[in-house]
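So the chains spell out like this:
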Amino acid sequence: MSNDPFLLGGGHRAAMAVEMAARPEIQWSLAPATSLEASAAIVHRQYLTRYGGFFNGRAQLRMRHRDSEYLSLDARLAYAREFPTDALTDSADFAIDSISLRETFSARASLDWSPDALTSVTTSVGWESLDYPDSKLLVPTRALNGDVDFSRRLSETTSLGLHADVTRTQATASGTVSARSMRATIEHELGPGVSVNGQVGAEWADALAGGEGPRIAGSTSLCYRPPSTDACLSASIQSEISGFGGLQRQLYVGGTFRRQISERSSLGLVTDYRTTSMSRGAGRATALRLSGTFERRLTGVLSLIGAVGYFCRRSLTGERNEALVLEVGISIRGNRR
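Let me begin by describing the structure that accompanies this report. (Residues numbered from 1 in each chain as written. Predicted model: local features only at pLDDT ≥ 70, side-chain atom pairs only at ≥ 80, totals over all residues. Heavy atoms only, no water.)

Some thoughts on the environment of Val-194
The line we're drawing: Helix and strand assignments follow DSSP, with helices taken as H or I runs no shorter than four residues and strands as E runs no shorter than two, numbered in order from the N terminus. Should any heavy atoms of two residues lie within 4.5 Å, those residues are counted as being in contact.
Structurally, Val-194 can be placed in strand 11 (residues 194-205). A sequence separation of 85 residues divides Val-194 from Ala-109, and the C-alpha atoms of the two residues are 30 Å apart. Contact partners of Val-194, with chain neighbours within four places excluded, come to His-188, Glu-189, Leu-222, Cys-223 and Tyr-224.

Considering the state of the cysteines
Applicable threshold: Note on disulfides: each one is a pair of cysteine sulfur atoms within 2.5 Å. Here the term buried applies to any residue with accessible area under 20% of the maximum for its type, exposed to any over 50%, and partly exposed to those in between, with areas from a 1.4 Å probe on protein chains only.
Per the counting criterion, the structure on display carries one disulfide. The residue that forms a disulfide with Cys-223 is Cys-232, at a sulfur-sulfur distance of 2.1 Å. The S-S bond linking Cys-223 to Cys-232 shows a torsion near 115°; that makes this disulfide right-handed. Look at Cys-223 and you get buried, because its relative accessible area is 9%. What makes Cys-232 buried here is its relative accessible area of 14%.

Describing the pattern of salt bridges
Defined as follows: Any Lys or Arg side-chain nitrogen located within 4 Å of an Asp or Glu carboxyl oxygen qualifies as a salt bridge.
This structure, assessed with the given rule, holds 18 salt bridges. Measuring nitrogen to oxygen at the nearest pair gives 4.0 Å for the salt bridge that ties Glu-295 to Arg-258. You can see Glu-295 sitting in strand 16 (residues 284-297) and its partner Arg-258 sitting in strand 14 (residues 246-260), a full 37 residues away along the chain. Take Glu-295: its relative accessible area is 14%, and that puts it in the buried class.

A short note on the environment of Ile-332
When you line up the elements, Ile-332 lands in strand 18 (residues 320-332). Taking the C-alpha atoms as reference points, Ile-332 and Gly-300, separated by 32 residues in sequence, lie 9.1 Å from one another. Apart from residues no more than four positions distant in its own chain, Ile-332 is found in contact with Val-301 and Leu-302.

Quick notes on the nonpolar core
A general trend in soluble globular proteins is that nonpolar side chains are found buried together. How we decide: Throughout, nonpolar core names a set of buried Ala, Val, Leu, Ile, Met, Phe, Trp, Tyr and Cys residues whose side chains join them through atoms within 4.5 Å.
In this structure, Leu-7, Leu-88, Ile-96, Leu-138 and Phe-311 are the most contacted members of the largest nonpolar core, which totals 15 residues. For this core, the secondary structure elements donating two or more residues are helix 1 (93-96), strand 16 and strand 18. If one sorts the elements of this core by residue count, helix 1 sits on top with three residues. Aside from chain neighbours lying at most four places away, what touches Phe-311 is Leu-7, Thr-85, Leu-88, Leu-288, Arg-289, Asn-321, Glu-322, Ala-323 and Val-325.

Structural measurements only, silent on function.
What follows is the structure, given as structure tokens:
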């Protein structure tokens, strides 16, 4: 139930919905060193008044191959059809247009080489296609991305490295736009269950993406994982693929908390904030999500789930829309195969 499912603003937007979802997963062992994983989520949401019904979901096929202790390969194909408020803070695109669903096709392959026990070199290349059916603001966008990571473990608790990447997008309205970055990286264990990761460096982007020479880019995360608890804070500032202009520089800040409060009960909290300053003076779009989930396992396969969420977006025109969401559901889990 939500008082404004699409964050449109105005009165008389409240609606109740019934949702059914299936999330199968299966894994095959093709050879001693090769495995294939397939997963999917098929979701149908039917609003009882006003908005009708929608199908969305995702599918992924992933292959892993370990040639030796020095070399491994990871390749994946994925498709996702996302409901705007479900992925509100995943991209600033949903703050720009909270009506249109987003369809994403992607493919990525990565190669991990470890010449010795202390050194790791990972290179990957990927392709992504974004489509926004019926959107008046977001346009189909295609993107190619490649990156290289070098990491050297200096001690049992610390690793340092370098990261380089390049992204090139082709959007219907803005043409070809690209961005490149070079960053220093660190991974450090602060203590039992406490770790910090970070990247910091410079980014160069085309003028169409708002670039004017080098500018700071990076990301960081701080995680605390004692028994029964998983808590992380993260932040990033960098150019990201967008249906509005091909690339947009986005700032993200978020946090997650999950606690196993008893043998059968768990509590989860999520907060996400994303903002982007549009190029060519088009304004600023922001999105905020706060949510909490309680899960109670009734039997080995049956669980009761309750969730409450607050969603807020500010569009390019400065209009601010908010929504509250209340969810109650039942989850049936089978054994993974």
